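Here is how the chains run, residue by residue.
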Amino acid sequence: MLSRSSFTSLVVGVFAVYVAHTCWVMYGIVCTRPCPAPGPAKEERAGGAAGCIWPYLARRPKLQLSVYTTTRSNIGAENNIDLILNVEDFDIESRFERTVNVSVPKKTRNNGTLYAYIFLHHAGILPWHDGKQVHIQIEAEKKQTNALDEPVSHWRSRLTLNVMVEDFVFDGSSLPADVHRYMKMVQLGKTVHYLPILFIDQLSNRVKDLMIINRSTTELPLTVSYDKISLGKLRFWIHMQDAVFSLQQFGFSEKDADEVKGIFVDTNLYFLALTFFVAAFHLLFDFLAFKNDISFWKKKKSMTGMSTKAVLWRCFSTVVIFLFLLDEQTSLLVLIPAGVGAVIELWKVKKALKMTVKWRSMRPTIQFGAYNESEKRTEEYDTQAMKYLSYLLYPLCIGGAAYSLLNVKYKSWYSWLINSFVNGVYAFGFLFMLPQLFVNYKMKSVAHLPWKAFTYKAFNTFIDDIFAFIITMPTSHRLACFRDDVVFLVYLYQRWLYPVDKSRVNEYGESYEEKPKRKLHKE
């Protein structure tokens, strides 16, 4: 059977392997292996034996970009289509953004579908007469505002286009599957060429850009943005779009998927990579803190030296934040961890108050265990600390609630109550860490604290502090991050002031942290 230390080592090892595998996969995406051929002229003389696929853009063709709209799902002629954008002498190296007004047909206004066709073709030739054109089709979205509504057509007000501009020579024997589905190849002489890779950036299609198409709408604006894209970023973007689509298939809401899109679209790629590594270590430290905290409280039999009121406050604040996130209809990516944390804090309150639930005649009966002398002394110190703290805390909380009631409008009294509690938690929650410091000072000991869990939580706090300065955040949020660090530094000072001897049983009859407990016996 695995010991706790072995289990922790196993988790850390799995995490290291996961990070290394992710780095390898990302390297394979960004750095594609080219075809080891000397050049297209030599390969053509060799009969194309090397199996390379050459870029058609290397021939520097004169291109034209055309965008059409139609109510038909297939387009093969010039009938029943509208040309909304025509860029002659299209330069693939130059980015642009243009806004055009698009006529909305009556069929589309009656909850029909309007298709857009984006063609990249030779200049001076109609797209359907050009055998070397590439195109992509998109359509208006249909979504429901709630479960009882019928689907309503929505207009995509933004269209983001990309063309892969690298003169990259692919190896036909190891062609990446992600790029292959976007490629159209032609035979030119004895060599195979791939036509320009036209890509629609779906990650840039945000919910905020959707507009409802109603019966009175005759024209809608469409902003067409173009920018070149490298092969590495193209492959990365394809994988990210597939990942977002998979989230939706697994039941994530459109709002959740939109928030994930925002992470990729609104963040620089290098900063995104840094964010991934930081988030991975944040997750590891969260797990280790969770594991050590649960282990500590699972074997906790005495509340000597522990501030019960601090435990109650952490439970209250965690539940309030969870209810606030639930009221705001926050993403499940945030809501689920908050809910799990609230359940854990409720369990810790049960342990701290020594609560037991017994069922008698199908009715639950709650019983509380008795405190010993050392626990009663700790409770006296805890009450004394809260008495001093209340002189500052109560006026601040009452004043904050009154200010929010007078200056902010809420949709219901419940929202006002939850928001007032949340504001109090964020603004003054760190004050409830102080009673534990007072108890430590009175008892001249810190042996009763879960130092491993504290350490991992402190690492995560420091990570949050770094990002509070890197990312643009309000000054109040930055102060909220750093005030927890100040309290933790005081904890560290108390640990230095009251050193713990790990080799002996502490003054409360318990061994240090996770070692098997031994009782003191006086002879």
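Here, the structure is the one placed above.
From a predicted model like this one, the values you see are computed outputs, not experimental measurements. (Residues numbered from 1 in each chain as written. Predicted model: local features only at pLDDT ≥ 70, side-chain atom pairs only at ≥ 80, totals over all residues. Heavy atoms only, no water.)

Enquirer: Can you walk me through the sheet that holds strand E11 (residues 185-188) in this structure?
Expert: Sheet strands pair via backbone hydrogen bonds, and the direction of the pair is either parallel or antiparallel. Across the sheet, which stays open at both edges, the 4 strands sit in the order E10-E1-E12-E11 with mixed pairing between neighbours. Two strands bound the open sheet, and with one partner strand each, they are strand E10 (170-171) and E11. (Pairing = 2+ DSSP bridges. Helix = DSSP H or I, 4+ residues; strand = E, 2+ residues; numbered from the N terminus.)

Enquirer: Honestly, the packing of aromatic side chains in this entry has me stumped. Any pointers?
Expert: Note on aromatic pairs: each is described by the distance of the centres and the angle between the planes. Inspection of every chain in the model, using the stated rule, returns 17 aromatic pairs. Taking the centre distance of 5.9 Å and the plane angle of 85 degrees together, the rings of Tyr68 and Phe119 count as edge-to-face. Of this pair, Tyr68 sits in strand E2 (residues 63-70) while Phe119 sits in strand E5 (residues 115-122); the two residues are 51 residues apart in sequence, bridging distant segments of the chain. According to the relative accessible area criterion, Phe119 is buried, its value standing at 3%. Where Tyr182 meets Phe199, the ring centres are 5.5 Å apart and the plane angle is 65 degrees; that geometry is what we call edge-to-face. Pair noted here: Tyr182 is in the loop between helix H4 (177-180) and E11 and Phe199 is in strand E13 (residues 198-200), with a separation of 17 residues, a long-range link. You can call Tyr182 partly exposed: its relative accessible area is 25%. Look at Phe199 and you get buried, because its relative accessible area is 0%. Three or more aromatic residues link up through ring pairs in this structure, and these residues are Tyr68, Tyr117, Phe119 and Trp128. Lying across the ring of Phe96, Arg98 places its NZ or CZ 5.1 Å from the centre. Residue placement shows Lys444 over the ring face of Tyr441; its charged tip is 4.3 Å from the ring centre. (Phe/Tyr/Trp six-rings, centres within 6.5 Å; stacked < 30°, edge-to-face > 60°. Buried < 20%, exposed > 50% of the residue type's maximum accessible area, 1.4 Å probe, protein only. Lys NZ or Arg CZ within 6 Å of the ring centre and 35° of its normal.)

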